[in-house]
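# An overview of the molecular structure
What follows is each chain in one-letter form.
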Amino acid sequence: MYPHPLRRSPARPRLRVLFAAPLLACMLLPAWAATKPVASAALQTEAQRLAAQLPGQLGAAIIHLETGRSVYLDADRAFPMASTMKVPVAVHILKLVDEGKLSLQQQVTLGPEDVYPEMGGPMDLHLTAGSAITVRDLLHMMITVSDNNATDILIRLGGGTDAVNARMQALGISGMRVDRYIWELLANYRGNAASQAAPMGPAAYAELSRSERGEELRRTHTNAWNADPRDTSSARAMAALLQQLWQGKLLSAGSTKVLQDIMLDTRTGSARLRGMLPRDTPVAHKTGTVGDVINDVGVITLPNGRGHAVVTVFIQSRASSEERDAAIAQLARAAHDYFLFVP
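In what follows, the accompanying structure is described. (Residues numbered from 1 in each chain as written. Predicted model: local features only at pLDDT ≥ 70, side-chain atom pairs only at ≥ 80, totals over all residues. Heavy atoms only, no water.)

## Considerations on the packing of aromatic side chains
Just so we agree on the cut-off: In summary, the pairing rule links any two rings of Phe, Tyr or Trp, Trp by its six-membered ring, whose centres are within 6.5 Å, and it sorts them by plane angle into stacked for under 30 degrees, edge-to-face for over 60 and tilted for everything else. Helical segments are the DSSP runs of H or I of at least four residues, strand segments are the runs of E of at least two, and each set is numbered from the N terminus. Think of it as a cone above the ring: NZ of Lys or CZ of Arg counts as a charge over the ring if it is within 6 Å of the ring centre and within 35 degrees of the ring normal.
Counted under the stated rule, the structure contains five aromatic pairs. Note on Tyr116 and Tyr205: the rings are 5.9 Å apart at their centroids and 75 degrees apart in plane angle, and the pair reads as edge-to-face. Taken as a pair, Tyr116 in the loop between β4 (107-109) and α4 (122-126) and Tyr205 in helix α9 (residues 202-210) lie far apart in primary sequence, 89 residues in all. One cation-aromatic arrangement involves Arg213 over Tyr189; the distance from NZ or CZ to the ring centre is 5.7 Å.

## Re the sheet that holds strand β9 (residues 308-316)
Put simply, the rule is: Criterion used throughout: strands pair if DSSP finds at least two bridges between them. Interaxial angles span 0 to 180 degrees and are taken between N-to-C directions of axes, which are lines fitted to C-alpha atoms, for helices over the stretch in contact. Throughout, a residue-residue contact means that at least one pair of heavy atoms, one from each residue, lies within 4.5 Å.
What the five strands build is an open sheet, ordered β2-β1-β9-β8-β7; its pairing is antiparallel. Of all strands in the sheet, those bounded by a partner on one side alone are β2 (70-73) and β7 (283-290). Sheet twist, expressed as the mean angle between neighbouring strand axes with direction ignored, is 5 degrees. Packed onto the sheet, helix α13 (residues 321-341) meets β1 (57-64), β2, β8 (293-301) and β9 and runs at close to 20 degrees relative to β8.

## Brief notes about the pattern of salt bridges
Heads up, the rule is: Salt bridge, as used here: a side-chain nitrogen of Lys or Arg that lies within 4 Å of a carboxyl oxygen of Asp or Glu. For the exposure calls, accessible area comes from a 1.4 Å probe over protein chains only, and a residue counts as buried if that area is under 20% of its type's maximum, exposed if over 50%, partly exposed in between.
Scanning the entire structure with this criterion turns up 17 salt bridges. The partner of Arg180 in a salt bridge is Asp228, and the shortest N-O contact between them spans 3.7 Å. Residue Arg180 is located in the loop between α7 (161-170) and α8 (182-189), and its partner Asp228 is located in the loop between α10 (215-227) and β6 (232-233); the two are separated by 48 residues in the primary sequence. In this structure, Arg180 and Asp228 share a single accessibility class: buried. For Arg218, the salt bridge goes to Glu215, with nearest N and O atoms at 4.0 Å. With Arg218 and Glu215 both in helix α10 and three residues apart, the pair spans about one turn of that helix. By relative accessible area, which is 32% here, Arg218 ends up partly exposed. Accessibility expressed as a relative area gives 55% for Glu215, which makes it exposed. Taken together, the shared-partner salt bridges connect Arg180, Asp228, Arg230 and Asp231 into one network.

## A short note on the pairing of β1
Burial analysis of β1 places seven of its eight residues in the buried class, the great majority of the element. Pairing geometry for β1 and β9, over eight bridges, is antiparallel. The partner of Gly59 across the bridge, within β9, is Phe314. Relative to β2, β1 runs antiparallel, the two being bridged by four bridges. Across the sheet, the residue bridging to Ile62 is Val71, located in β2. The hairpin turn running from β1 into β2, its antiparallel successor, is five residues long, and Gly68 in that turn takes a positive phi close to 80 degrees.

Following this line, the structure appears as C-alpha coordinates:
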(Lines give C-alpha, C1' and ligand atoms only; values in the text may rest on other atoms or scores of the structure.)
Protein backbone atom coordinates (compact mmCIF):
# COMPACT_ATOMS: atom_id res chain seq x y z
CA MET A 1 0.00 0.00 0.00
CA TYR A 2 1.07 3.59 -0.26
CA PRO A 3 3.12 4.24 2.89
CA HIS A 4 0.58 6.75 4.30
CA PRO A 5 -1.28 6.18 6.57
CA LEU A 6 0.79 3.08 7.34
CA ARG A 7 4.48 3.01 8.19
CA ARG A 8 7.01 4.48 5.81
CA SER A 9 10.09 2.44 5.03
CA PRO A 10 13.06 3.60 7.10
CA ALA A 11 16.14 5.06 5.49
CA ARG A 12 18.46 2.59 3.80
CA PRO A 13 20.45 0.91 6.57
CA ARG A 14 24.21 0.67 6.46
CA LEU A 15 24.48 -2.97 7.35
CA ARG A 16 26.74 -5.81 6.33
CA VAL A 17 25.63 -9.32 5.51
CA LEU A 18 27.53 -12.10 7.24
CA PHE A 19 27.58 -15.16 5.01
CA ALA A 20 27.76 -18.72 6.23
CA ALA A 21 30.88 -20.72 5.50
CA PRO A 22 29.19 -22.94 2.87
CA LEU A 23 28.24 -19.92 0.80
CA LEU A 24 31.72 -18.43 1.05
CA ALA A 25 33.22 -21.73 0.04
CA CYS A 26 31.17 -21.79 -3.14
CA MET A 27 32.11 -18.18 -3.92
CA LEU A 28 35.77 -19.22 -3.80
CA LEU A 29 35.44 -22.13 -6.20
CA PRO A 30 38.26 -22.38 -8.74
CA ALA A 31 37.71 -20.99 -12.23
CA TRP A 32 37.20 -24.44 -13.77
CA ALA A 33 34.10 -24.98 -11.61
CA ALA A 34 32.30 -22.23 -13.52
CA THR A 35 32.19 -24.50 -16.57
CA LYS A 36 29.99 -27.00 -14.76
CA PRO A 37 26.42 -26.59 -13.50
CA VAL A 38 26.52 -25.73 -9.81
CA ALA A 39 23.71 -26.68 -7.45
CA SER A 40 22.16 -24.04 -5.18
CA ALA A 41 22.61 -26.03 -1.97
CA ALA A 42 24.90 -23.41 -0.40
CA LEU A 43 22.46 -20.62 -1.14
CA GLN A 44 19.62 -22.73 0.25
CA THR A 45 21.59 -23.22 3.47
CA GLU A 46 22.39 -19.53 3.77
CA ALA A 47 18.81 -18.47 3.04
CA GLN A 48 17.52 -20.83 5.71
CA ARG A 49 20.03 -19.44 8.21
CA LEU A 50 19.00 -15.86 7.49
CA ALA A 51 15.27 -16.60 7.63
CA ALA A 52 15.61 -18.41 10.95
CA GLN A 53 16.82 -15.20 12.61
CA LEU A 54 13.42 -13.53 12.19
CA PRO A 55 10.51 -14.48 14.46
CA GLY A 56 7.26 -15.17 12.64
CA GLN A 57 6.65 -16.53 9.18
CA LEU A 58 8.76 -15.92 6.08
CA GLY A 59 8.20 -17.28 2.60
CA ALA A 60 10.70 -16.72 -0.18
CA ALA A 61 11.56 -17.79 -3.70
CA ILE A 62 14.83 -17.05 -5.48
CA ILE A 63 15.33 -17.96 -9.15
CA HIS A 64 18.25 -17.24 -11.45
CA LEU A 65 16.49 -16.48 -14.73
CA GLU A 66 19.27 -17.58 -17.04
CA THR A 67 20.09 -20.94 -15.45
CA GLY A 68 16.88 -21.81 -13.61
CA ARG A 69 18.73 -22.46 -10.35
CA SER A 70 16.36 -21.81 -7.48
CA VAL A 71 15.91 -21.69 -3.73
CA TYR A 72 12.60 -21.89 -1.87
CA LEU A 73 11.71 -21.18 1.77
CA ASP A 74 8.19 -22.09 2.84
CA ALA A 75 7.38 -21.04 -0.69
CA ASP A 76 3.93 -22.62 -0.97
CA ARG A 77 2.43 -20.94 2.11
CA ALA A 78 -0.24 -18.34 1.29
CA PHE A 79 0.75 -14.89 2.58
CA PRO A 80 -1.26 -11.66 2.39
CA MET A 81 0.05 -9.88 -0.70
CA ALA A 82 -0.69 -6.36 0.54
CA SER A 83 0.41 -4.03 -2.27
CA THR A 84 2.38 -6.68 -4.15
CA MET A 85 -1.07 -7.59 -5.53
CA LYS A 86 -0.55 -4.56 -7.79
CA VAL A 87 1.83 -6.64 -9.92
CA PRO A 88 -0.91 -9.03 -11.15
CA VAL A 89 -3.22 -6.02 -11.59
CA ALA A 90 -0.60 -4.36 -13.81
CA VAL A 91 -0.10 -7.56 -15.83
CA HIS A 92 -3.87 -7.83 -16.37
CA ILE A 93 -4.18 -4.19 -17.50
CA LEU A 94 -1.26 -4.51 -19.93
CA LYS A 95 -2.70 -7.75 -21.26
CA LEU A 96 -5.88 -5.79 -22.05
CA VAL A 97 -3.69 -3.21 -23.81
CA ASP A 98 -2.11 -5.99 -25.88
CA GLU A 99 -5.59 -7.25 -26.74
CA GLY A 100 -6.64 -3.79 -27.97
CA LYS A 101 -9.26 -3.36 -25.23
CA LEU A 102 -7.41 -0.54 -23.49
CA SER A 103 -4.80 2.02 -24.50
CA LEU A 104 -1.96 3.39 -22.40
CA GLN A 105 -2.87 6.88 -23.69
CA GLN A 106 -6.54 6.42 -22.82
CA GLN A 107 -7.81 9.22 -20.57
CA VAL A 108 -9.76 8.32 -17.45
CA THR A 109 -11.91 11.12 -16.03
CA LEU A 110 -12.34 10.85 -12.28
CA GLY A 111 -15.81 10.82 -10.77
CA PRO A 112 -16.80 12.00 -7.28
CA GLU A 113 -16.56 8.43 -5.90
CA ASP A 114 -13.18 7.61 -7.43
CA VAL A 115 -10.82 9.15 -4.90
CA TYR A 116 -10.95 7.80 -1.34
CA PRO A 117 -9.41 10.20 1.18
CA GLU A 118 -7.07 8.82 3.82
CA MET A 119 -5.69 6.16 1.44
CA GLY A 120 -2.62 8.26 0.66
CA GLY A 121 -0.83 8.95 -2.57
CA PRO A 122 -0.68 11.74 -5.15
CA MET A 123 -4.24 11.13 -6.36
CA ASP A 124 -5.62 11.84 -2.90
CA LEU A 125 -3.42 14.92 -2.58
CA HIS A 126 -3.59 16.46 -6.04
CA LEU A 127 -6.54 15.14 -8.08
CA THR A 128 -10.25 15.73 -7.72
CA ALA A 129 -13.47 14.83 -9.54
CA GLY A 130 -13.22 15.99 -13.13
CA SER A 131 -9.47 15.45 -13.38
CA ALA A 132 -8.28 13.30 -16.28
CA ILE A 133 -5.36 10.90 -16.16
CA THR A 134 -3.99 8.34 -18.59
CA VAL A 135 -3.89 4.59 -18.05
CA ARG A 136 -0.10 4.70 -18.20
CA ASP A 137 0.07 7.33 -15.46
CA LEU A 138 -2.30 5.28 -13.32
CA LEU A 139 0.01 2.27 -13.76
CA HIS A 140 3.03 4.37 -12.87
CA MET A 141 1.44 5.73 -9.69
CA MET A 142 0.12 2.31 -8.70
CA ILE A 143 3.57 0.71 -8.83
CA THR A 144 6.15 3.41 -8.11
CA VAL A 145 4.45 5.11 -5.14
CA SER A 146 1.85 2.40 -4.47
CA ASP A 147 -1.11 4.74 -4.95
CA ASN A 148 -4.20 2.90 -3.74
CA ASN A 149 -6.78 5.02 -5.56
CA ALA A 150 -4.95 4.46 -8.85
CA THR A 151 -5.06 0.73 -8.15
CA ASP A 152 -8.79 0.65 -7.53
CA ILE A 153 -9.51 2.67 -10.68
CA LEU A 154 -7.40 0.26 -12.74
CA ILE A 155 -9.09 -2.79 -11.20
CA ARG A 156 -12.49 -1.35 -12.11
CA LEU A 157 -11.26 -0.39 -15.59
CA GLY A 158 -10.03 -3.95 -16.05
CA GLY A 159 -13.40 -5.51 -15.24
CA GLY A 160 -13.08 -5.95 -11.47
CA THR A 161 -11.25 -8.29 -9.16
CA ASP A 162 -12.82 -11.39 -10.72
CA ALA A 163 -11.29 -10.43 -14.06
CA VAL A 164 -7.83 -10.00 -12.52
CA ASN A 165 -8.13 -13.32 -10.72
CA ALA A 166 -9.36 -15.07 -13.88
CA ARG A 167 -6.42 -13.64 -15.81
CA MET A 168 -3.91 -15.11 -13.39
CA GLN A 169 -5.60 -18.49 -13.67
CA ALA A 170 -5.59 -18.25 -17.48
CA LEU A 171 -1.86 -17.47 -17.41
CA GLY A 172 -1.26 -20.60 -15.34
CA ILE A 173 -0.33 -18.77 -12.13
CA SER A 174 -1.63 -20.98 -9.34
CA GLY A 175 -1.30 -20.16 -5.66
CA MET A 176 -2.30 -16.51 -6.11
CA ARG A 177 -5.69 -14.87 -5.74
CA VAL A 178 -6.96 -11.30 -6.10
CA ASP A 179 -10.29 -10.71 -4.37
CA ARG A 180 -10.71 -7.15 -3.13
CA TYR A 181 -10.34 -3.51 -4.03
CA ILE A 182 -7.85 -1.67 -1.84
CA TRP A 183 -10.53 0.34 -0.03
CA GLU A 184 -12.21 -2.96 0.78
CA LEU A 185 -9.01 -4.67 1.88
CA LEU A 186 -8.01 -1.80 4.18
CA ALA A 187 -11.50 -1.46 5.63
CA ASN A 188 -11.38 -5.18 6.48
CA TYR A 189 -7.97 -4.64 8.08
CA ARG A 190 -9.60 -2.15 10.40
CA GLY A 191 -12.30 -4.65 11.34
CA ASN A 192 -15.06 -3.34 9.06
CA ALA A 193 -16.95 -5.91 7.00
CA ALA A 194 -17.31 -3.67 3.94
CA SER A 195 -17.31 -5.56 0.66
CA GLN A 196 -18.20 -5.14 -2.98
CA ALA A 197 -21.64 -6.48 -2.09
CA ALA A 198 -21.91 -3.98 0.78
CA PRO A 199 -19.69 -1.13 -0.41
CA MET A 200 -18.25 1.74 1.59
CA GLY A 201 -18.00 5.14 -0.08
CA PRO A 202 -15.15 7.63 0.27
CA ALA A 203 -16.73 9.59 3.13
CA ALA A 204 -17.46 6.50 5.21
CA TYR A 205 -13.97 5.15 4.54
CA ALA A 206 -12.38 8.41 5.67
CA GLU A 207 -14.37 8.30 8.90
CA LEU A 208 -13.29 4.69 9.51
CA SER A 209 -9.65 5.51 8.78
CA ARG A 210 -9.67 8.35 11.32
CA SER A 211 -11.35 6.30 14.05
CA GLU A 212 -9.29 5.31 17.09
CA ARG A 213 -8.75 1.70 18.19
CA GLY A 214 -7.27 0.33 21.37
CA GLU A 215 -4.26 -1.97 21.11
CA GLU A 216 -6.26 -5.07 22.01
CA LEU A 217 -8.89 -4.38 19.35
CA ARG A 218 -6.19 -3.53 16.81
CA ARG A 219 -4.50 -6.87 17.47
CA THR A 220 -7.80 -8.73 17.12
CA HIS A 221 -8.46 -7.07 13.77
CA THR A 222 -4.89 -7.69 12.59
CA ASN A 223 -4.96 -11.36 13.51
CA ALA A 224 -8.24 -11.84 11.64
CA TRP A 225 -6.85 -10.04 8.59
CA ASN A 226 -3.65 -12.08 8.66
CA ALA A 227 -5.67 -15.31 8.58
CA ASP A 228 -7.96 -14.22 5.73
CA PRO A 229 -7.32 -16.38 2.63
CA ARG A 230 -8.27 -13.56 0.27
CA ASP A 231 -5.68 -11.56 -1.65
CA THR A 232 -2.90 -13.97 -0.87
CA SER A 233 -0.05 -15.50 -2.81
CA SER A 234 2.74 -17.94 -2.24
CA ALA A 235 6.30 -16.80 -2.85
CA ARG A 236 6.52 -19.47 -5.55
CA ALA A 237 3.47 -18.14 -7.42
CA MET A 238 4.71 -14.54 -7.40
CA ALA A 239 8.17 -15.66 -8.52
CA ALA A 240 6.61 -17.63 -11.38
CA LEU A 241 4.68 -14.52 -12.47
CA LEU A 242 7.83 -12.38 -12.48
CA GLN A 243 9.91 -15.10 -14.12
CA GLN A 244 7.46 -15.45 -17.01
CA LEU A 245 7.12 -11.68 -17.29
CA TRP A 246 10.89 -11.20 -17.64
CA GLN A 247 11.07 -14.09 -20.10
CA GLY A 248 8.52 -12.35 -22.32
CA LYS A 249 5.92 -15.10 -21.95
CA LEU A 250 3.04 -12.99 -20.61
CA LEU A 251 2.93 -9.73 -22.55
CA SER A 252 4.06 -8.22 -25.83
CA ALA A 253 7.64 -6.93 -25.95
CA GLY A 254 6.38 -3.34 -25.67
CA SER A 255 4.12 -3.99 -22.70
CA THR A 256 6.82 -6.07 -20.99
CA LYS A 257 9.24 -3.15 -21.22
CA VAL A 258 6.62 -0.71 -19.94
CA LEU A 259 6.10 -2.73 -16.77
CA GLN A 260 9.81 -3.44 -16.28
CA ASP A 261 10.64 0.27 -16.60
CA ILE A 262 7.89 1.26 -14.18
CA MET A 263 9.01 -1.31 -11.61
CA LEU A 264 12.59 -0.04 -11.94
CA ASP A 265 11.28 3.37 -10.88
CA THR A 266 9.69 2.13 -7.62
CA ARG A 267 10.22 4.66 -4.82
CA THR A 268 9.03 2.62 -1.84
CA GLY A 269 10.92 0.08 0.27
CA SER A 270 14.49 1.32 -0.16
CA ALA A 271 15.58 -0.80 2.82
CA ARG A 272 14.15 -4.07 1.46
CA LEU A 273 15.39 -5.77 -1.74
CA ARG A 274 17.60 -2.77 -2.50
CA GLY A 275 18.70 -2.23 1.10
CA MET A 276 22.05 -4.05 1.11
CA LEU A 277 22.85 -4.32 -2.58
CA PRO A 278 25.76 -2.43 -4.13
CA ARG A 279 24.81 1.13 -4.98
CA ASP A 280 23.08 1.61 -8.37
CA THR A 281 22.18 -2.08 -8.71
CA PRO A 282 19.06 -2.14 -10.93
CA VAL A 283 16.11 -3.59 -8.99
CA ALA A 284 12.64 -3.71 -10.55
CA HIS A 285 10.28 -4.41 -7.67
CA LYS A 286 7.02 -3.86 -5.82
CA THR A 287 6.61 -3.59 -2.07
CA GLY A 288 3.67 -4.31 0.22
CA THR A 289 3.05 -3.21 3.80
CA VAL A 290 0.03 -3.75 6.05
CA GLY A 291 0.45 -4.26 9.80
CA ASP A 292 2.48 -7.41 10.47
CA VAL A 293 2.99 -7.91 6.75
CA ILE A 294 6.07 -6.58 4.97
CA ASN A 295 6.79 -7.85 1.45
CA ASP A 296 9.01 -7.08 -1.51
CA VAL A 297 9.05 -8.88 -4.85
CA GLY A 298 11.19 -8.12 -7.85
CA VAL A 299 14.06 -8.80 -10.23
CA ILE A 300 17.68 -7.87 -9.57
CA THR A 301 19.98 -7.27 -12.55
CA LEU A 302 23.39 -8.69 -11.71
CA PRO A 303 26.63 -7.00 -12.83
CA ASN A 304 29.11 -8.26 -15.40
CA GLY A 305 26.47 -9.98 -17.53
CA ARG A 306 25.66 -12.52 -14.79
CA GLY A 307 21.95 -12.35 -15.56
CA HIS A 308 18.95 -11.68 -13.34
CA ALA A 309 17.69 -12.94 -10.00
CA VAL A 310 13.99 -13.10 -9.22
CA VAL A 311 13.52 -12.62 -5.47
CA THR A 312 10.11 -12.70 -3.79
CA VAL A 313 9.87 -12.39 -0.01
CA PHE A 314 6.69 -12.38 2.07
CA ILE A 315 6.92 -11.75 5.82
CA GLN A 316 4.27 -11.95 8.52
CA SER A 317 5.91 -11.06 11.81
CA ARG A 318 5.58 -8.83 14.84
CA ALA A 319 9.26 -7.95 14.68
CA SER A 320 10.14 -4.30 14.09
CA SER A 321 9.86 -2.88 10.60
CA GLU A 322 13.65 -2.50 10.57
CA GLU A 323 14.17 -6.19 11.38
CA ARG A 324 11.71 -7.29 8.72
CA ASP A 325 13.22 -4.97 6.11
CA ALA A 326 16.67 -6.29 6.96
CA ALA A 327 15.56 -9.92 6.53
CA ILE A 328 14.46 -9.13 2.97
CA ALA A 329 17.64 -7.17 2.27
CA GLN A 330 19.88 -9.98 3.54
CA LEU A 331 18.17 -12.57 1.34
CA ALA A 332 18.48 -10.29 -1.68
CA ARG A 333 22.18 -9.73 -1.02
CA ALA A 334 22.80 -13.44 -0.54
CA ALA A 335 21.13 -14.17 -3.89
CA HIS A 336 23.02 -11.35 -5.61
CA ASP A 337 26.42 -12.51 -4.37
CA TYR A 338 25.81 -16.20 -4.94
CA PHE A 339 24.74 -15.86 -8.57
CA LEU A 340 27.49 -13.31 -9.16
CA PHE A 341 30.32 -15.49 -7.86
CA VAL A 342 28.91 -18.92 -8.70
CA PRO A 343 27.93 -18.57 -12.38
